[in-house]
Amino acid sequence: MAALSLAISAQDVVEVKENRASVAMPTVDITQYHGFLMAKGNVVYVEAGATEYERVGGDRLRKLLAKDGFWQVAASEEQAHFIIKYIVNLQGQDHVEFYFLDRRNRLTNEELMKFKRSRFGNGWKQLFTSEDNNDNIKAAETLHERIKKIQKQIESAKNYQSGWYKLFYQE
């Protein structure tokens, strides 16, 4: 009888852990949550657009977020404290939506304007992409670098009830 050989890479193990973690996560009753939605260890859902290139970018972003471990990555919006959107806007030069952070109950237009005027958005440039899958993988990687800067801000913040943080703080 021939011996059965099974080769498993480290990436396969990570993907299995990601899938198990996503399936095993409970639903978050966001109406009962009090505190900073984006706190380290909380759960994020990555919402990708309907096109294949947006899904490819969203998948890459999910894997990068799971690997960095700052937040847990959910399989559904109901399991998450907040949302990161990977949506490509084709108006003008193709780009990833500037407002990629959102709450489950969605930021209002007025809140988005406050966000735009805050130090959070000041000086950030649009992430240009195209309708090509490879361009969206690169854009997701660039977006993840931007998110890592936000994670550092979150770790060093003293007060989540002021500035842009308060948009993601629930009493």
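Predicted model, so just to flag it, every value in this text is computed and none were measured.

Cut-off values and rules
- Residues numbered from 1 in each chain as written.
- Predicted model: local features only at pLDDT ≥ 70, side-chain atom pairs only at ≥ 80, totals over all residues.
- Heavy atoms only, no water.
- Helix = DSSP H or I, 4+ residues; strand = E, 2+ residues; numbered from the N terminus.
- Buried < 20%, exposed > 50% of the residue type's maximum accessible area, 1.4 Å probe, protein only.
- Contact = heavy atoms within 4.5 Å.
- Areas by Shrake-Rupley, 256 points an atom, 1.4 Å probe, with all protein chains shown as cover.
- Arc of directions from axis to C-beta.
- Pairing = 2+ DSSP bridges.
- Axes fitted to C-alpha atoms, helices over the stretch in contact; angles between N-to-C directions.
- Phe/Tyr/Trp six-rings, centres within 6.5 Å; stacked < 30°, edge-to-face > 60°.
- Salt bridge = Lys/Arg side-chain N within 4 Å of Asp/Glu carboxyl O.

S.K.: Tell me about the overall build of the protein, and name the residues and values.
M.R.: Helix and strand counts for the protein come out as four helices and nine strands. Counting from the amino terminus, helix and strand elements in the protein follow one another as α-β-β-α-β-β-β-β-β-α-β-α-β. Looking at the 171 residues of the protein, the share that counts as buried comes to 44%. Across the protein, every contact between residues at least 6 apart in sequence was considered, and the portion connecting residues at least 24 apart equals 70%. Accessible surface, the protein: about 10,200 Å² in total, of which carbon and sulfur atoms supply 50%.

S.K.: How would you summarise helix H3 (residues 109-117) if you had to cite specific residues and measurements?
M.R.: Here H3 has its buried residues at Glu111, Leu112 and Phe115. Down the axis of H3, the sector holding all buried residues measures 100°, keeping them to one side. Opposite the buried face of H3, by more than 90 degrees, sit the exposed residues Asn109, Glu110 and Arg117. Tucked into the core, H3 has its buried residues touching strand S7 (101-103).

S.K.: Tell me about the pairing of strand S2 (residues 43-48), and name the residues and values.
M.R.: In terms of burial, S2 is a largely internal element, five of the six residues being buried. As judged from the two bridges shared by S2 and strand S3 (residues 72-73), these two strands associate in the parallel manner. In the strand pairing of S3, Val44 is matched with Val73.

S.K.: Quick rundown of the sheet that holds S2? Include the residues and the values.
M.R.: Read across the sheet, four strands follow the order S3-S2-S4-S7 without closing on themselves; strand pairing throughout is mixed. Unpaired on one side and paired on the other, S3 and S7 mark the two borders of the sheet. On top of the sheet, helix H2 (residues 52-68) reaches S2, S3 and strand S4 (82-86); it is set at about 165° to S2, its chief contact. The sheet contacts of helix H4 (residues 133-156) involve S4 and S7, and relative to S4 the element is tilted by about 145°.

S.K.: I'd like a rundown of the sheet that holds strand S5 (residues 88-89), residues and numbers included.
M.R.: As summarised here, the arrangement of the three strands in space is S5-S6-S8, forming an open sheet in which the pairing is antiparallel. Single-partner strands in this sheet number two, and they are S5 and strand S8 (127-128). As judged from the two bridges shared by strand S6 (residues 95-96) and S8, these two strands associate in the antiparallel manner. When the bridges of S8 are listed, Val96 appears paired with Leu127.

S.K.: Tell me about the environment of Leu101, and name the residues and values.
M.R.: With respect to the element layout, Leu101 can be found in strand S7. Given a relative accessible area of 2%, Leu101 falls into the buried group. For the pair Leu101 and Val44, spaced 57 residues apart in sequence, the C-alpha to C-alpha distance is 9.9 Å.

S.K.: Explain the packing of aromatic side chains residue by residue, including any values.
M.R.: According to the stated counting rule, one finds eight aromatic pairs in the structure shown. Taken together, a centroid distance of 4.9 Å and an interplanar angle of 75° make the contact between Trp71 and Phe82 edge-to-face. With Trp71 in the loop between H2 and S3 and Phe82 in strand S4, this pair connects stretches of sequence that are 11 residues apart. Taken together, a centroid distance of 5.6 Å and an interplanar angle of 75° make the contact between Tyr160 and Tyr165 edge-to-face. Accessibility expressed as a relative area gives 13% for Tyr165, which makes it buried.

S.K.: Quick one: what's the story with the pattern of salt bridges, residue by residue and with numbers?
M.R.: Any two side chains of opposite charge can pair, so long as their charged atoms come close to each other. Within this structure, the stated rule accounts for 10 salt bridges. Taking the shortest distance from any N to any O, the salt bridge between Asp59 and Arg62 comes out at 2.5 Å. Taken together, the residues span about one helical turn, with Asp59 and Arg62 both in helix H2 at a distance of three residues. The class of Asp59 is partly exposed, set by a relative accessible area of 40%. One salt bridge in this structure joins Glu111 and Arg103, with 2.8 Å as the shortest N-O distance. Here Arg103 falls in the buried class, since its relative accessible area comes to 9%. Several salt bridges converge on common partners, so that one network encompasses Glu47, Glu77, Lys85, Asp102 and Arg106.

It is worth stressing that arrangement in space is one thing and function is another; only the former is reported here.
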